[in-house]
Amino acid sequence: MRPETVHKEMLSRRLLRIKVVKALYAHFKSESDSLIVSEKNLLFSIDKTYELYHQMLWLIVDVAQYAEKRIELGRQKKLPTPEELNPNTRFIDNPVIAMIRDNEELVDFLERKKLGWSNYPELIKHLYLALTESDFYTAYMNSETPSFKEDVDVIGKFYSQIVCDDTMTEEVLEEQSILWNDDTDFAGIMVLRTLDNLKNEHDHIELLPQYKNEDDLAYARELFRYTLVHFKEHIEYIGKYTSNWEVDRIAFMDNVIMATAMSELIDFPSIPVKVTLDEFIEIAKYYSTPGSSTFINGVLDKIVETLTAENRIQKSGRGLLDK
């Protein structure tokens, strides 16, 4: 998955929408009759994404430690080269890496959750070699007096240009947790946001909270519950606008996405209609069939028109912005 736009809060509303849609899909496909169990699975999935954020943030520390070991091995050779005797330590001395390594909150979280990269030395070596072959790394190492901004930028580019599209990293993460399969990009953006918050070398790493505020957790729970309780009713309503389509030609995921969008339209007065439509159409691009986003767009437009005429969409506050 490669979302084009993701909000920078931790955790973003788009990610929460995706988690809700996937939890609903799993609930119905498993034919579960327990709302409580399915909601627990939803919250567990959200928790796992937060774990992935910490795991990803630590990745650069292990890469730097690997680099340091290589430097030490070079120095210990019987006949070291001049370069091995006087190595360029700019990368391993990067103050941003030190800030991450020395963050007690991060270290405690990783230890508590039994996370880390110690079992994946080949990945660390692979990422280190990819980093050293990059133009941005070469420029950083050759800079006469790198600024703190350059210290931050080289770490940011490591994540955005090397880690984010790296197949081996994705395979290792999937091996660690199947729930991380689609979350690498989100976690990467969270890491970049954390780095963006650093202003100078006297600063310290501020870990992003799991939710922007308590409203976001309540939002995810309520959207899941409301859709689950009203799913049959929503599907019947959607059926009015898909009667010309053969039922087996409509992907079940399309129905889940549209039913969830209906719940947000009706039950969340502070969320503008346009935001709801844009978000769920975007989700359809990545999680349903080719052409689903166009199909869903057309159906939801008609549903909004009818729900508005029926006075079932009542927006207030921020939700009035697109009126």
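Everything numeric here is computed off the predicted structure, so don't read it as measured data.

Draft legend 1. Quick peek at unusual backbone geometry. Positive phi values are uncommon outside glycine, yet Lys114 reaches one of about 55°. Position of Lys114 among the secondary structure elements: in the loop between α5 (104–112) and α6 (121–132). Located in the positive-phi region is Asn311, a residue other than glycine, with phi close to 65°. Turning to its location among the elements, Asn311 is positioned in the segment after α15 (292–309).

Draft legend 2. Focus on the pattern of salt bridges. Tallying each qualifying case throughout the model produces 16 salt bridges. Ionic pairing is found between Glu279 and Arg14, a salt bridge with its closest N-O pair at 3.0 Å. Of this pair, Glu279 sits in helix α14 (residues 273–287) while Arg14 sits in helix α1 (residues 13–29), placing them 265 residues apart in sequence. Residue Glu279 is classed as buried on the basis of its relative accessible area of 6%. Arg14 gets classed as buried once you look at its relative accessible area, which sits at 7%. Salt bridges sharing common partners tie together Arg14, Arg17, Glu264 and Glu279.

Draft legend 3. Broad picture of a negative patch on the surface. The grouping of Glu104, Glu105, Asp108, Glu111 and Glu206 at the surface amounts to a negative patch. Among the secondary structure elements, Glu105 is positioned in helix α5.

Draft legend 4. Structural detail: α15. Look at α15: 26 Å from first C-alpha to last across 18 residues, which is about the 26 Å you get at 1.5 Å a residue. Among the residues making up α15, those that are buried are Ser292, Ser293, Phe295, Ile296, Val299, Leu300, Ile303, Val304 and Leu307. The buried residues of α15 all sit within an arc of 160° when viewed along its axis, so they share a single face. For α15, exposure combined with an orientation more than 90 degrees from the buried face picks out Thr294, Glu305 and Ala309. Structurally, α15 contributes buried residues whose contacts are with α12 (231–239), α13 (252–267) and α14. Following α15 by one or two positions, Asn311 adopts a phi angle in the positive range, close to 65°.

Draft legend 5. Local environment of the nonpolar core. Ranked by internal contacts, the top residues of the largest apolar core, which has 103 residues, are Ile60, Phe91, Ile100, Ile155, Phe158 and Tyr159. If we ignore the near neighbours within four places in the chain, the residues touching Phe91 are Ile60, Val63, Ala64, Ala67, Ile97, Leu131, Tyr137, Tyr140, Met141 and Ile155.

Criteria and thresholds
Residues numbered from 1 in each chain as written. Predicted model: local features only at pLDDT ≥ 70, side-chain atom pairs only at ≥ 80, totals over all residues. Heavy atoms only, no water. Helix = DSSP H or I, 4+ residues; strand = E, 2+ residues; numbered from the N terminus. Salt bridge = Lys/Arg side-chain N within 4 Å of Asp/Glu carboxyl O. Buried < 20%, exposed > 50% of the residue type's maximum accessible area, 1.4 Å probe, protein only. Patch = residues over 30% accessible without salt bridge, like charges linked within 9 Å, V, L, I, M, F, W, Y side chains within 5 Å. Areas by Shrake-Rupley, 256 points an atom, 1.4 Å probe, with all protein chains shown as cover. Lys, Arg positive; Asp, Glu negative; His and termini not counted. Charge placed at Lys NZ, Arg CZ, Asp CG, Glu CD. Expected span 1.5 Å × (residues − 1). Arc of directions from axis to C-beta. Contact = heavy atoms within 4.5 Å. Core = buried A, V, L, I, M, F, W, Y, C linked by side-chain atoms within 4.5 Å.

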